[in-house]
Amino acid sequence: MDSAATPLAQAVDASASAWQPHIIAFVCHWCTYAGADMAGTTRRIYPPNVRILRFPCTGRMSPLFILRAFEQGADGVLVSGCHPGDCHYVQGNYFARRRFAVFRALLEFLGVDPRRLQFSWVSASEGVKWARVVEEVTQGVRDAGPISPWGRVQDHGRLALVRFASPADQAGRRPGEDERAPVLAELRRAASELLSSGRISRLIGYGESSLPGKIVPVFLDNVADASVLAWTDGCSANLAAYLPAAMRSGKVGIIVKSCDSKAVVGLLQENQIRREDVVLIGVPCTGVRVNGRLASKCFNCDGQVSPLCDLSAGGARPAAAAMGVQVAVPPDVRDADVGYIESLPLLDRWNFWQNQFARCLRCYACRAVCPLCYCETCIAEKHRPQWISTSIDGKGNTAWNVVRAFHLAGRCIGCDECSRVCPANIRLDLLNRRLAIEVERRFGYRAGQDAVASPPLASFRQDDSEEFIR
């Protein structure tokens with residue numbers, strides 16, 4: 001009798017050919033790895049779908065590892081470590097908890113099923129819990145199904161037609177030239193005084209280019225050059241991006257709008273500049289225009305001169321006592337766009353962002369213009385190991401845009417320069433805004449407000465929320 005035809009043999013063959021999820025578990029050496037070992041020595045039975053990679057601490061776990069696991073075909077990822085307060089390195093899992101909370105929100109915004117990325121605390125004595133966690137995670141990933149090739153549209157028949165909810169009428173808040181003229185005169189006078197007195201060796205400001213109506217950054221070293229300064233609604237560039245390099249040659253003066261001054265706060269927080277080596281000239285701003293439209297970032301900005309500024313070119317500065325105080329602001333119009341994307345099914349979100357990322361040229365203009373991207377060697381240019389592919393393909397483009405957004409989590413001040421200069425018109429501003437919302441909701445932190453505050457992902461509270469951790 002042919003055994004292959006028996007019901008038992010057919011059941012075995014069907015079971016062997018059935019899809020099983022592949023799950024990567026990044027676990028800490030001191031607790032979860034020992035807990036998994038205990039589950040084995042006590043003969044606990046649990047699904048064999050998890051492959052363990054051991055790390056010294058969850059604080060050592062970079063989100064890049066999670067991205068690489070998905071790129072290489074993992075259907076799910078589990079990150080597990082010591083319970084808070086039991087970390088062998090004292091605080092590692094506290095920092096990890098904050099990073100993973102934000103990273104999880106980013107992936108979900110991109111359309112990754114949250115069942116594919118799970119976190120847990122498992123101690124060395126919790127072999128039973130480890131077995132239960134693996135069972136639950138495996139079942140969740142099994143319910144989510146096989147992961148489609150990473151970095152590709154999953155269903156061309158369900159491409160989301162996204163209709164952004166930002167106001168269509170953006171014609172308001174445009175001052176006449178007579179309103180800007182006094183500000184410009186004050187700017188030129190202040191620049192002349194600072195340069196002639198030797199208080200600064202260079203001034204960073206705005207000037208007209210050879211193209212009619214085009215405003216570009218200018219660097220002034222002489223008093224005679226002050227006349228080239230300009231102040232129009234085309235002064236959109238965030239000049240703080242030039243500060244770290246410019247300050248190598250001496251004390252620098254810089255013209256800052258409200259959003260630019262927030263970037264200066266970020267640079268001060270991260271010790272990239274010294275406050276005594278920069279003179280801030282604040283200008284009241286009634287909004288800047290990009291392609292003839294009022295920039296989205298301007299709708300919820302009062303345009304006041306920051307109290308951080310040393311000088312004010314028109315318009316009074318708020319009291320210095322107000323520094324670091326988070327005041328009520330109108331709703332951000334970008335929030336409507338973020339909310340719309342979050343209302344889409346996960347598959348439609350994924351398809352939308354994959355279509356966005358597919359246009360990426362890897363020109364790195366977003367990096368070049370960002371005032372908080374100051375690393376001399378970017379991780380996108382490191383090759384030993386190479387975490388981000390330099391190829392202009394789905395995997396490489398997805399990795400680059402995810403890493404760029406996460407790198408700015410809790411740091412981005414919402415100047416939207418990355419979105420403005422992107423030649424492919426990718427909505428990078430929405431990625432940044434979604435993470436800013438998550439950081440403020442979880443940690444009560446708004447970037448660019450207080451130069452002495454600790455950045456949210458470089459600090460922690462013992463009572464931070466961990467509702468997403470098993």
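This report concerns the structure included in the present document. (Residues numbered from 1 in each chain as written. Predicted model: local features only at pLDDT ≥ 70, side-chain atom pairs only at ≥ 80, totals over all residues. Heavy atoms only, no water.)

**Quick notes on the pattern of salt bridges**
Opposite charge on two side chains permits pairing when their charged atoms draw close.
Reasoning step 1: In this structure the tally under the stated criterion is 28 salt bridges.
Reasoning step 2: Between Arg 189 and Glu 186 there is a salt bridge, and its shortest N-O distance comes to 2.4 Å. Of this pair, Arg 189 and Glu 186 both sit in helix 6 (residues 177-196), separated by three residues, roughly a single helical turn.
Reasoning step 3: For Arg 441, the salt bridge goes to Glu 438, with nearest N and O atoms at 2.8 Å. On the criterion of helical spacing, the pair formed by Arg 441 and Glu 438 is a turn pair, its members being three residues apart in helix 14 (residues 428-443).
Reasoning step 4: Each of Glu 342, Arg 434, Glu 438, Arg 441, Arg 442 and Glu 467 takes part in a single network of salt bridges with overlapping partners. (Salt bridge = Lys/Arg side-chain N within 4 Å of Asp/Glu carboxyl O. Helix = DSSP H or I, 4+ residues; strand = E, 2+ residues; numbered from the N terminus.)

**As for the pairing of strand 4 (residues 117-121)**
Reasoning step 1: Across the five residues that make up strand 4, a large majority, five, are buried.
Reasoning step 2: Bridging between strand 3 (residues 76-81) and strand 4 involves five bridges; their strand directions are parallel. Bridge pairing in strand 4 links Val 79 to Phe 119.
Reasoning step 3: Read as a crossover between parallel neighbours, the route from strand 3 over helix 4 (residues 92-110) to strand 4 is right-handed. (Buried < 20%, exposed > 50% of the residue type's maximum accessible area, 1.4 Å probe, protein only. Pairing = 2+ DSSP bridges. Right-handed = clockwise from strand over helix to strand, strands pointing away.)

**Description of the sheet that holds strand 8 (residues 278-282)**
Reasoning step 1: The sheet built from five strands is open, its strands ordered 6-5-7-8-11 with mixed pairing. Both outer strands of the open sheet, strand 6 (215-220) and strand 11 (311-312), are each paired with one neighbouring strand and no more.
Reasoning step 2: Bridging between strand 5 (residues 202-208) and strand 7 (residues 252-256) involves three bridges; their strand directions are parallel. Across the sheet, Ile 204 pairs through a bridge with Ile 254, a residue of strand 7.
Reasoning step 3: Against the sheet, helix 8 (residues 258-269) engages strand 5, strand 7 and strand 8, with an angle of about 135° to strand 7. (Contact = heavy atoms within 4.5 Å. Axes fitted to C-alpha atoms, helices over the stretch in contact; angles between N-to-C directions.)

**A word on the packing of helix 10 (residues 346-358) against helix 12 (residues 394-407)**
Reasoning step 1: In contact at an axis separation of 9 Å, helix 10 and helix 12 are set at 100° when each is read in the N-to-C sense. Regarding the angle of helix 10 to helix 12, the classification is roughly perpendicular. Together, Gln 354, Phe 357 and Ala 358 of helix 10 and Gly 394, Asn 397, Thr 398 and Asn 401 of helix 12 make up the contact between the two elements.
Reasoning step 2: Residue composition of the contact of helix 10 with helix 12, by class: two nonpolar, five polar and no charged. (Parallel < 35°, antiparallel > 145°, perpendicular 65-115°, else oblique. Nonpolar A, V, L, I, M, F, W, Y, C, P; charged D, E, K, R; others polar.)

**Focus: the state of the cysteines**
Reasoning step 1: Counting across every chain of the model gives zero disulfides.
Reasoning step 2: Of all cysteine sulfurs, the one in Cys 259 lies closest to Cys 301, which takes part in no disulfide; the gap is 6.3 Å.
Reasoning step 3: For Cys 373, which is in no disulfide, the shortest distance to another cysteine sulfur is to Cys 370 and amounts to 3.9 Å.
Reasoning step 4: Its relative accessible area of 21% is what places Cys 373 among the partly exposed residues. (Disulfide = S-S within 2.5 Å.)

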